[in-house]
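# An overview of the molecular structure
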Amino acid sequence: MAGTLAGYDPFDALGTVLGVYLALAAIATLVGRPWQYTGGAGVMIVQIVGCVLTFFVGAALLALVYRVGQ
């Protein structure tokens, strides 16, 4: 097994998994529309902004992993 993974950085795999997870979690949250169960527009705006920022953090992590890897 060590010969199979020789030459791979474990942080590349970790960064890829976390970036994909964050992006998919943000998309799933937006699709699930949790703001329909809140009482106000302020909470809805905070939830939408949080989802979008989470997506951008995941995408930035993926970009960082692949930019450093090249």
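Everything below is about the structure printed above this text.
The structure contained in this document is the topic of the report that follows. All values derive from a computational prediction rather than experimental measurement.

## Structural notes on the overall build of the chain
Of the regular secondary structure elements, the chain holds 2 helices and 0 strands. Across the chain, contacts joining residues at least 24 apart in sequence account for 70% of those joining residues at least 6 apart.

## Observations regarding helix α1 (residues 10-32)
A rise of 1.5 Å per residue sets the reference length of α1, with its 23 residues, at 33 Å; its end C-alpha atoms lie 33 Å apart and thus fit the reference within 8%. Inspection of α1 places Gly 15, Gly 19, Ala 23 and Ala 26 among the buried residues, and these make up the whole buried set. Immediately downstream of α1, the backbone of Arg 33 shows phi near 45 degrees, a positive value.

## Description of the environment of Ala 13
Mapped onto the elements, Ala 13 comes out in helix α1. The class for Ala 13 is partly exposed, based on a relative accessible area of 45%.

## Looking at the environment of Val 65
Looking at the element boundaries, Val 65 is found in helix α2 (residues 41-69). Given a relative accessible area of 11%, Val 65 falls into the buried group. Sequence separation of Val 65 and Phe 11 is 54 residues, and the distance between their C-alpha atoms is 8.4 Å.

## Considerations on the environment of Gln 47
Turning to its location among the elements, Gln 47 is positioned in helix α2. By relative accessible area, Gln 47 is classed as partly exposed at 25%. Sequence-wise, Gln 47 and Arg 33 are 14 residues apart; in three dimensions their C-alpha atoms are separated by 9.3 Å. Those residues within four positions of Gln 47 in sequence are excluded, and the remaining contacts are Pro 34, Trp 35 and Thr 38.

Reading guide: rules and limits
- Residues numbered from 1 in each chain as written.
- Predicted model: local features only at pLDDT ≥ 70, side-chain atom pairs only at ≥ 80, totals over all residues.
- Heavy atoms only, no water.
- Helix = DSSP H or I, 4+ residues; strand = E, 2+ residues; numbered from the N terminus.
- Contact = heavy atoms within 4.5 Å.
- Expected span 1.5 Å × (residues − 1).
- Buried < 20%, exposed > 50% of the residue type's maximum accessible area, 1.4 Å probe, protein only.

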